[in-house]
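Overview (structure and organization)
One-letter residues, chain by chain:
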Amino acid sequence: MGTFLLLLFIFFFVVPLVRVAYTVYKVRKKMRDAMNGIYGAQQNQEGAGRQQRKAGWSTPDARAKKIGKDVGDYVAFEELPAESGAGNAASTSERNGAATEQQITDADWEDLK
């Protein structure tokens, strides 16, 4: 009777458990191989002509400047004197078509203790 129960236990519990474990192993292996294939293809495309480092990281490509140093002119700037007063700011904003308003305060704040 004990042998029969042992065979039932093996047939209904151990065999399905082994099947599930093997299926999970196969799926993980397929996924790992797929990811390694994608990453390997990407690395081969990007790594063409690059020097590989020991840890697998590749060195960046040296890029030349698009615009040379001899192109362009030097521009000398000069400081303009700052104009003081609120009247100048108001006249500037009126020239731009915007009206200025005075800041309105409606309440005094008190800290509660």
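Below or above, wherever it landed, is the structure these notes cover. Within each chain, residue numbers correspond to sequence positions counted from 1 in written order. Local features in a predicted model are, by the rule used here, given only for residues with pLDDT of at least 70; side-chain atom pairs are given and counted only at 80 or more, and totals for whole chains, interfaces and linings are based on all residues. As a rule here, side-chain values come from all non-hydrogen atoms in the structure, and water together with hydrogens is ignored.

Broken down by element type, the protein carries two helices and zero strands. Residue exposure (1.4 Å probe, protein chains only): buried if accessible area is under 20% of the type maximum, exposed if over 50%, otherwise partly exposed. In the protein, which comprises 113 residues, the proportion classed as buried is 3%. Of the roughly 12,100 Å² of accessible surface on the protein, 58% is carried by carbon and sulfur atoms. Per the convention used, a helix needs a DSSP run of H or I reaching at least four residues, while a strand needs a run of E reaching at least two, with both numbered from the N terminus. Per-residue accessibility takes into account occlusion by the displayed protein chains alone, with areas from the Shrake-Rupley method and a 1.4 Å probe.

Note on aromatic pairs: the rings of Phe, Tyr and Trp (six-membered ring only in Trp) are paired at centre separations within 6.5 Å, and the planes decide the class, stacked below 30 degrees, edge-to-face beyond 60, tilted for the rest. Taken as a whole and assessed by the stated rule, the structure comprises two aromatic pairs. Ring centres of Phe9 and Phe13 lie 5.4 Å apart, and the angle between their planes is 35°; on these two criteria the pair is classed as tilted. Of this pair, Phe9 and Phe13 both sit in helix H1 (residues 2-46), four residues apart, roughly one helical turn. For the pair Phe11 and Phe12, a centre-to-centre distance of 5.1 Å together with 80° between the ring planes defines the contact as edge-to-face.

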